[in-house]
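Tertiary structure, described
Spelled out, the chains give:
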Amino acid sequence: MSTSELFDLLKAAQRIALEKHGVSNILQPGVIKELMMAEILGHDLVPQKDSADATDKDGNSYEYLASIRRVNVTTNKGCSFQMDRVTPNNLNRVTRNKAFYFGIFKDHLEVDEIWKVEIPVVLAEVKRQLEKCKNDIAHVNFLLKWLEENGSKVFP
């Protein structure tokens, strides 16, 4: 397959994503994984960057975080998830949602598991990390061990 044929397929995928899902940029970081998670969970993707990631039929909002499971490594096995640019003044990024969903991917295009964590649990962890942060803006990390201890697997 030539490069131009590959680009034609990407352009066709972009047209479909825009027409069917309102996604104006399929190359936006994370949007493909979010679209895959939304389909599995029966949610509608919200493609705007400054909003929650998805909504359900009742209008509830959800945040999605995704990570690829690291295998065949000697250190830092598993996966971790990150919320960027968190401050005490933008905790509404957590509280505007009904729950958080964490997608663990086998690779860039294959979902392995999806876990759900309730908002009070996520908020407590975000606040815990913010209190320990020495910077004005934090990148909050959720490790696989934390997810397994605090979440419930909803897929498969």
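Our subject is the structure listed above.
Figured I'd write up the structure that's included with this text. (Residues numbered from 1 in each chain as written. Predicted model: local features only at pLDDT ≥ 70, side-chain atom pairs only at ≥ 80, totals over all residues. Heavy atoms only, no water.)

1. Brief notes about the pattern of salt bridges
In total, this model carries nine salt bridges according to the counting rule given. Close ionic contact of Asp-58 with Lys-57 constitutes a salt bridge, the shortest N to O distance being 3.8 Å. Through salt bridges with shared partners, a single network forms among Arg-69, Asp-112, Glu-113 and Lys-153. (Salt bridge = Lys/Arg side-chain N within 4 Å of Asp/Glu carboxyl O.)

2. Brief notes about helix α4 (residues 119-132)
In an α-helix, one turn spans 3.6 residues, which is why side chains three or four residues apart end up on the same side. Relative to the 20 Å expected for 14 residues at 1.5 Å per residue, α4 spans 20 Å between its end C-alpha atoms, a close match to the ideal helical length. Where α4 is concerned, the buried positions are Ile-119, Val-122, Leu-123, Glu-125, Val-126, Gln-129 and Leu-130. The arc that holds every buried residue of α4, seen down its axis, measures 165°, which confines them to one face. For α4, the exposed residues set more than 90 degrees away from the buried face come down to Pro-120, Glu-131 and Lys-132. (Helix = DSSP H or I, 4+ residues; strand = E, 2+ residues; numbered from the N terminus. Expected span 1.5 Å × (residues − 1). Buried < 20%, exposed > 50% of the residue type's maximum accessible area, 1.4 Å probe, protein only. Arc of directions from axis to C-beta.)

3. Some words on the sheet that holds strand β1 (residues 44-45)
Reading across the sheet, the six strands line up as β1-β2-β3-β5-β6-β8 and stay open at both edges, with mixed pairing between neighbours. Looking at strand neighbours, the two that pair on one side only are β1 and β8 (152-155), the edges of this open sheet. As paired strands, strand β6 (residues 110-118) and β8 are joined by three bridges and run antiparallel to one another. The partner of Lys-116 across the bridge, within β8, is Ser-152. In this fold helix α2 (residues 31-41) packs onto β1, β3 (61-68), β5 (99-107), β6 and β8, with an angle of close to 120° to the strand it touches most, β3. Sitting on the sheet, α4 is in contact with β5 and β6, with an inclination near 90° to β6. (Pairing = 2+ DSSP bridges. Contact = heavy atoms within 4.5 Å. Axes fitted to C-alpha atoms, helices over the stretch in contact; angles between N-to-C directions.)

4. Observations concerning α2
Those residues of α2 that sit buried are Val-31, Lys-33, Glu-34, Leu-35, Met-36, Met-37 and Ala-38. Turning to α2, the residues buried within the fold contact α1 (3-21), β1, β3, β5 and β6. Directly beyond the C-terminal end of α2, a positive phi value near 75° is found at Gly-42.

5. Topic: the packing of aromatic side chains
Applying the stated criterion across every chain yields a total of seven aromatic pairs. Considering the side-chain rings of Tyr-64 and Tyr-101, the 6.2 Å spacing of their centres and the 80° angle between planes classify their relative orientation as edge-to-face. Of this pair, Tyr-64 sits in strand β3 while Tyr-101 sits in strand β5; the two residues are 37 residues apart in sequence, bridging distant segments of the chain. Accessibility assignment for this pair places Tyr-64 and Tyr-101 in one class, buried. These aromatic residues form a ring-pair network of at least three members: Phe-81, Phe-100, Phe-102, Phe-142 and Trp-146. The aromatic ring of Phe-105 is capped on one face by Lys-33, whose charged end is 5.6 Å from the ring centroid. (Phe/Tyr/Trp six-rings, centres within 6.5 Å; stacked < 30°, edge-to-face > 60°. Lys NZ or Arg CZ within 6 Å of the ring centre and 35° of its normal.)

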